Every structure is written in structure tokens, then in C-alpha cells.
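Spelled out, the chains give:
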Amino acid sequence: MTSTKIKRFLGDGEYQFNLSGAQIVKLEKLLNVGIGELSQRVVSGRFHHVELIETVRHGLIGAGTSHEQAANLIAIYVDGSPLKPVHTLAVEILAAAWDGAPEPDENTTNTNTQE
């Protein structure tokens, strides 16, 4: 079975990201763009910086990170950082939302734990 949850490195450790359901609706509303168009823009490199930031932030929140912690992670590790790693992460979050991702094994089921 597939999921939309992935685990990736961000700044100081590995975090889970999940962009599905309500988080997609909130992201669409915030950015005033549909998820299909957002995905195409991000993947093609024709994105706005805020689209990367909000994709990562909403992915964190969708996986169980508090709004406050997600905002702190973005402020520390995303804002002002080189675009390539943030772009890569946003593409991976959107790809998991679009195509799904393998179910995490039992070693990755704890939400947003650092190892």
C-alpha cells in the first residue's frame, strides 16, 4: 500500500512530510493555485519562492509537526538558504502527494523524530 508520507533531511535531522487532504486544500487556498498547477510550476522550475516555502511548511504540518515548530524550521533552515535543496525537497513532497510513497517501515513511524 502506498502513502503520501515521506521522511527527508531538513537542517538538523530527518523529518516526516505529508501533503494530502486538508493540507492540500489549505495550500491551494493560501497560494491561490490548484495543486496540479503548483506541482507543474515547482517541478518545471517556474515557481515562486513562497510556493517552495509553503509546500515544505504544509508538508511538515501534514505529518504532525506543530504550526510553531514548522514555522521555526522554515525560518532557520529554509528562509535565506540556497534554493536547490529546498526545491528538491518541495518536488519530493509534491511527488509523494501525487504518486504516493512506499509505506514507511516500523523504524520511520515516529513523527518528526531526529536520529
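1. Here's the deal with the pattern of salt bridges
Scanning the entire structure with this criterion turns up five salt bridges. A salt bridge links Arg 8 to Glu 92; its shortest N-O distance comes to 2.8 Å. Separated by 84 residues along the polypeptide, Arg 8 in strand E2 (residues 5–10) and Glu 92 in helix H5 (residues 83–99) bring together distant segments of the chain. The class of Arg 8 is partly exposed, set by a relative accessible area of 30%. Look at Glu 92 and you get partly exposed, because its relative accessible area is 29%. Through salt bridges that share partners, Glu 37, Arg 41 and Glu 51 make up one connected network.

2. With respect to helix H2 (residues 35–44)
Buried within H2 are the following residues: Ile 35, Leu 38, Ser 39 and Val 42. For H2, the buried positions fall inside an angular range of 100° around the axis, keeping them on one side. On its buried face, H2 is in contact with helix H1 (21–31), helix H3 (49–62) and H5. After H2 finishes, the residue Gly 45 shows a positive phi value of roughly 85°.

3. What about the side chain of Gln 16?
Looking at where Gln 16 falls in the secondary structure, it is placed in strand E3 (residues 13–18). Since its relative accessible area comes to 2%, Gln 16 is described here as buried. In terms of polar contacts, Gln 16 uses its side chain to reach the side chain of Lys 5, at 3.5 Å.

4. Details of H3
The terminal C-alpha atoms of H3, which comprises 14 residues, lie 20 Å apart, in line with the 20 Å expected from a rise of 1.5 Å per residue. Counting buried residues in H3 gives 11 out of 14 residues, a clear majority hidden from the surface. At its buried positions, H3 is contacted by E2, E3, H1, H2, helix H4 (67–77) and H5. Once H3 finishes, Gly 64 follows within two positions and takes phi at roughly 110°, a positive value.

5. Quick word on the pairing of E3
Within a regular strand, the side chains alternate between the two sheet faces. Counting buried residues along E3, five of its six residues qualify, which places the element largely inside the surrounding structure. The sheet contact formed by E2 and E3 spans six bridges and is antiparallel. Following the sheet pairing, Lys 7 is matched in E3 by Gln 16. A loop of two residues connects E2 with E3, the two strands running antiparallel in sequence, and Gly 11 in this loop sits at a positive phi of about 70°.

About the criteria used
Residues numbered from 1 in each chain as written. Predicted model: local features only at pLDDT ≥ 70, side-chain atom pairs only at ≥ 80, totals over all residues. Heavy atoms only, no water. Salt bridge = Lys/Arg side-chain N within 4 Å of Asp/Glu carboxyl O. Helix = DSSP H or I, 4+ residues; strand = E, 2+ residues; numbered from the N terminus. Buried < 20%, exposed > 50% of the residue type's maximum accessible area, 1.4 Å probe, protein only. Arc of directions from axis to C-beta. Contact = heavy atoms within 4.5 Å. Polar contact = N/O pair within 3.5 Å; in protein donor to acceptor, adjacent residues only side chain to side chain. Expected span 1.5 Å × (residues − 1). Pairing = 2+ DSSP bridges.

Geometric descriptors of this kind do not, in isolation, establish any biological role.
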